[in-house]
Amino acid sequence: SDLRAQSITPDRIVHLWNVTDEQDFEVLQARGFLSLITLAHALGENRIIGALQLDVVSNGMYVARADDVVSAAKGTSIGAYRTIPQEYPNITVRSIDIGSTGAGASDADDLPGLLFEEITSGSTDTVIAYRGGERLVQVYESLLLGEVPAGTDRLRRGGTYLITGGLGSVGLTLAGMLTQRY
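Residues numbered from 1 in each chain as written. Predicted model: local features only at pLDDT ≥ 70, side-chain atom pairs only at ≥ 80, totals over all residues. Heavy atoms only, no water.

*Asks:* Would you mind showing me how to read the overall build of the protein here?
*Replies:* Each helix and strand counted, the protein has six helices and five strands in total. Here the C-alpha atoms of the protein give a radius of gyration of 21 Å, more than 25% beyond the 16 Å that 2.2 N^0.38 yields for 182 residues. For the C-alpha atoms alone, the extent of the protein along its principal axes is close to 60 × 45 × 35 Å. Counting only residues that meet the buried cut, the protein has 34% of its 182 residues in that class. Once local pairs closer than 6 in sequence are excluded, the contacts in the protein between residues at least 24 apart make up 67%. (Helix = DSSP H or I, 4+ residues; strand = E, 2+ residues; numbered from the N terminus. Rg over C-alpha atoms; globule rule 2.2 N^0.38 Å. Buried < 20%, exposed > 50% of the residue type's maximum accessible area, 1.4 Å probe, protein only. Contact = heavy atoms within 4.5 Å.)

Here you go:
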C-alpha cells in the first residue's frame, strides 16, 4: 500500500526468505509458504494487476543430484508458488534453488552473478536448480503405459474406498466407476 501511495507498481519481486539454514518448522513456514501467500494476497488487495514476475530463491528445496539434502518444511512453499498463478493470473512464479547445504551454498564460483543472470534473463522455466555451476531445469516427459493385464486389479469387489477432496466432478466420476465395477 505504501508503494501504491507513491504510484510505484512493482513488476518483479525476488523472494529470498527460503535461503536459510533454519530448521524450525514454524519459522520456515512463516518465511516460506505463509510469506508467499501473504505477499500474493497483499498484491491482490492492492490491485496490482499488471504483469508481475515473482522469483522464489531457496536452498535445499529440490533433490537435483543424488547427494542433495532437502528440507521438507521448505517444500510446502511449492504449493504456494504453484497456486499463486492460478489465483492471480497476472503473477508468474519461478522457483530457483541454489543448493542444499548451508545458506547460499553452491559450489558455483559466482553465485550472486548466476542469480542476477537468472533473475534478469527473461527465462520462462518455472523450476530451476543450480548445482556445480550447472543450470538444471525441471521437465516432464510423457510415458506410454501398456495395457494392464487382466486379473491384476488392486481393487476388489465389495471393497471400501475413501475418496477425498469433496464432491467435485472427478471425485463423483471415480465414485461412480467404483460403484459400477466393484
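*Asks:* How should the pairing of strand S5 (residues 134–137) be read in this particular structure?
*Replies:* In the case of a regular strand, side chains alternate between the two sheet surfaces. Strand direction decides the pairing type here: strand S4 (residues 127–131) and S5, joined by four bridges, are antiparallel. Among the inter-strand pairings, Arg131 is bridged to a residue of S5, identified as Glu134. Count of turn residues in the S4/S5 antiparallel hairpin: two residues, of which Gly132 carries a positive phi of about 60°. (Pairing = 2+ DSSP bridges.)

*Asks:* So what exactly am I meant to see when it comes to the pattern of salt bridges here?
*Replies:* Side chains that carry opposite charge are capable of pairing whenever their charged atoms lie near each other. For the structure shown, the criterion picks out eight salt bridges. Note that Arg65 and Glu134 form a salt bridge whose closest N and O atoms lie 2.2 Å from each other. Here the residue Arg65 occupies a position in the loop between strand S2 (52–58) and helix H3 (72–75), and Glu134 occupies one in strand S5, the gap between them amounting to 69 residues. The salt bridge involving Arg131 is made with Asp68; its shortest N-O contact spans 2.8 Å. Taken together, the positions of Arg131 in strand S4 and Asp68 in the loop between S2 and H3 put the pair 63 residues apart, joining distant regions of the chain. (Salt bridge = Lys/Arg side-chain N within 4 Å of Asp/Glu carboxyl O.)

*Asks:* Sorry if this is basic, but what is going on with helix H5 (residues 111–120) here?
*Replies:* An α-helix turns once per 3.6 residues; consequently, residues spaced three or four apart project the same way. When H5 is considered as a whole, its buried residues turn out to be Leu111, Gly113, Leu114, Leu115, Glu118 and Ile119. The inward-facing, buried residues of H5 abut strand S1 (12–18), S2, strand S3 (91–97), S4 and S5.

*Asks:* Could you clarify how one ought to interpret the environment of Thr83 in this entry?
*Replies:* Within the secondary structure, Thr83 is located in helix H4 (residues 77–87). Note on Thr83: relative accessible area 34%, which makes it partly exposed. Considering only alpha carbons, one finds Thr83 and Val14, 69 residues apart in sequence, at a separation of 17 Å. Of note is the side chain of Thr83, whose polar atom sits 2.6 Å from the backbone oxygen of Gly79. (Polar contact = N/O pair within 3.5 Å; in protein donor to acceptor, adjacent residues only side chain to side chain.)

*Asks:* Explain the nonpolar core here, please?
*Replies:* The nonpolar side chains of a soluble globular protein tend to be buried with one another. Counting residues in hydrophobic clusters, the biggest one holds 17 residues, and the most contacted among them are Leu52, Leu54, Ile84, Ile91 and Val93. Contributions of two or more residues to this core are made by helix H2 (25–45), S2, H4 and S3. Looking at this core, the element that brings in the most residues is H4, giving four residues. If near-sequence neighbours (up to four positions away) are discounted, Ile84 is found in contact with Leu36, Ala40, Leu54, Ile91 and Val93. Of all hydrophobic cores here, the second largest spans nine residues; its members include Val57, Leu115, Ile128 and Tyr130. (Core = buried A, V, L, I, M, F, W, Y, C linked by side-chain atoms within 4.5 Å.)

*Asks:* Hey, could you run me through unusual backbone geometry in this one?
*Replies:* Where the residue is not glycine, phi is negative for most of them; where a peptide bond is considered, it is trans in most cases. One non-glycine residue, Ser7, lies in positive phi territory at about 60°. As for its placement among the helices and strands, Ser7 is situated in the loop between helix H1 (2–5) and S1. According to the relative accessible area criterion, Ser7 is exposed, its value standing at 68%. Even without being a glycine, Arg47 presents a positive backbone phi close to 55°. Residue position: Arg47 is located in the loop between H2 and S2.

*Asks:* Any chance you could explain the sheet that holds S2 here in plain terms?
*Replies:* Sheets are built from strands paired through backbone hydrogen bonds, the pairs being either parallel or antiparallel. Taken in spatial order, the five strands make up an open sheet running S1-S2-S3-S4-S5, and their pairing is mixed. Here the strands that pair on one side only, and so sit at the sheet edges, are S1 and S5. Recorded for the sheet is a direction-independent mean angle of 20° between the axes of neighbouring strands. Taken together, the three bridges between S3 and S4 define a ladder with parallel strand orientation. (Axes fitted to C-alpha atoms, helices over the stretch in contact; angles between N-to-C directions.)

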